[in-house]
Amino acid sequence: NAGVTQTPKFRILKIGQSMTLQCTQDMNHNYMYWYRQDPGMGLKLIYYSVGAGITDKGEVPNGYNVSRSTTEDFPLRLELAAPSQTSVYFCASKPRGQGYEQYFGPGTRLTVT
Amino acid sequence: ILNVEQSPQSLHVQEGDSTNFTCSFPSSNFYALHWYRWETAKSPEALFVMTLNGDEKKKGRISATLNTKEGYSYLYIKGSQPEDSATYLCAYISNSGYALNFGKGTSLLVTP
């Protein structure tokens, strides 16, 4: 299994541009998540999904959109990029159930200038 | 948003020292408590998933305990090694939620 994969690894955007961060998992996990990591602030949840066709907002959803058309894929869309969206973005997945850990992707480092 | 607090924020110990960190979380509606190890420039990796009050889990020199009634968990590292240097995250999930609520982490530096 490849686990959770994310593309791209790095990206520089100009203010106002848009892009999609890709996330794929091959473990047939129901739950998928997008986080951003800001220095000193830990991980903040942007959006999550409990299954194909179902998404919900996390703590910091403004400026982002997601979709979940398949179990495997959970892309994160940035519309009209702003400098405040400069961050490292992590995708994660988890099986449904109480005792299961969450698996993280390698992260995407995004800079908006 | 459910508050998960971790202390200390950072810790610097000498090789061979034993150390421990604290994670506090809401004691009501408990579902599970996770511990993750996060090395610089990598992604977090799970250490433990704890679900029962009184749980104790161990992996090598690292162990964790859980008290759901009072809302805290301890992570212990025995005989710290430089390779233990990382940020240790705890995360809580309630029985009415689907997402982990992460603390800000404890950053551990172990020097030879």
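For the structure, see preceding data.
Summary of the structure given here. These numbers were taken from a predicted model, which means no experiment stands behind them.

1. So, the overall build of chain B
Within chain B one finds 0 helices and 11 strands. Ordering the α and β elements of chain B from the N terminus gives β-β-β-β-β-β-β-β-β-β-β. Here the C-alpha atoms of chain B give a radius of gyration of 13 Å, agreeing with the 13 Å that 2.2 N^0.38 yields for 112 residues. Each of the three principal axes of chain B carries a C-alpha extent, and together these read 45 × 30 × 20 Å.

2. Some words on the state of the cysteines
What the rule picks out here adds up to 2 disulfides over all chains. Disulfide pairing is shown between C23(A) and C91(A); the S-S distance is 1.8 Å. Torsion about the S-S bond of the C23(A) and C91(A) cystine: about -70°, corresponding to left-handed handedness. Of the two residues, C23(A) is situated in strand β3 (residues 19–25) and C91(A) in strand β9 (residues 87–94); the sequence distance between them amounts to 68 residues. Residue classification places C23(A) among the buried positions, given a relative accessible area of 0%. Its relative accessible area of 0% is what places C91(A) among the buried residues. Here C23(B) engages in a disulfide with C90(B); their sulfurs sit 1.9 Å apart. Between C23(B) and C90(B), the S-S torsion sits near 75°, and that sign places the bridge as right-handed. Residue C23(B) is located in strand β3 (residues 19–24), and its partner C90(B) is located in strand β9 (residues 86–94); the two are separated by 67 residues in the primary sequence.

3. Here we look at the packing of aromatic side chains
Residue and element names in this part refer to chain B. Counted according to the given criterion, the structure contains 17 aromatic pairs over all chains. A ring pair is formed by Y36 and F102, whose centres lie 5.7 Å apart and whose planes are at 50°; its orientation type is tilted. Residue Y36 is located in strand β4 (residues 30–38), and its partner F102 is located in strand β10 (residues 101–102); the two are separated by 66 residues in the primary sequence. For F102, a relative accessible area of 12% puts it in the buried group.

4. A word on the sheet that holds strand β1 (residues 4–7) of chain A
All names here are of chain A. Strand order in this open sheet of 4 strands is β1-β3-β8-β7, and the pairing throughout is antiparallel. Of all strands in the sheet, those bounded by a partner on one side alone are β1 and β7 (64–66). Within the sheet, the average angular offset between the axes of one strand and its neighbour, ignoring direction, is 20°. Summarising the sheet, β1 and β3 pair through 4 bridges and their orientation is antiparallel. The partner of V4 across the bridge, within β3, is Q25.

5. Considerations on the interface of chain B and chain A
Taken together, the contacts link 18 residues of chain B with 23 residues of chain A. A buried area of about 1,700 Å², summed over both sides, lies between chain B and chain A, and 68% of it is on carbon and sulfur atoms. Our count for the chain B to chain A interface comes out at 0 salt bridges. At the surface where chain B touches chain A, the tally comes to 4 residue pairs in polar contact (both at pLDDT 80 or more). With 5 residues, the single largest contributor to the side of chain B that touches chain A is β4(B). Looking at the side of chain B that touches chain A residue by residue, the classes come out as 13 nonpolar, 3 polar and 2 charged.

6. Looking at the nonpolar core
Residues and elements named next belong to chain B. Counting 22 residues, the largest nonpolar core has L33, W35, F48, L75 and Y88 as its most contacted members. Those elements that provide at least two residues to this core are β3, β4, β5 (45–50), β7 (62–67), β8 (72–77), β9 and β11 (106–111). Per-element accounting of this core gives the leading share, 4 residues, to β9. Y36, A91, I93 and F102 belong to the second-largest nonpolar core, a separate cluster that totals 21 residues.

Calculation notes
Residues numbered from 1 in each chain as written. Chains lettered and ligands numbered in written order. Predicted model: local features only at pLDDT ≥ 70, side-chain atom pairs only at ≥ 80, totals over all residues. Heavy atoms only, no water. Helix = DSSP H or I, 4+ residues; strand = E, 2+ residues; numbered from the N terminus. Rg over C-alpha atoms; globule rule 2.2 N^0.38 Å. Disulfide = S-S within 2.5 Å. Buried < 20%, exposed > 50% of the residue type's maximum accessible area, 1.4 Å probe, protein only. Phe/Tyr/Trp six-rings, centres within 6.5 Å; stacked < 30°, edge-to-face > 60°. Pairing = 2+ DSSP bridges. Axes fitted to C-alpha atoms, helices over the stretch in contact; angles between N-to-C directions. Contact = heavy atoms within 4.5 Å. Buried area = accessible area lost by both parts, 1.4 Å probe. Salt bridge = Lys/Arg side-chain N within 4 Å of Asp/Glu carboxyl O. Polar contact = N/O pair within 3.5 Å; in protein donor to acceptor, adjacent residues only side chain to side chain. Nonpolar A, V, L, I, M, F, W, Y, C, P; charged D, E, K, R; others polar. Core = buried A, V, L, I, M, F, W, Y, C linked by side-chain atoms within 4.5 Å.

Geometric descriptors of this kind do not, in isolation, establish any biological role.
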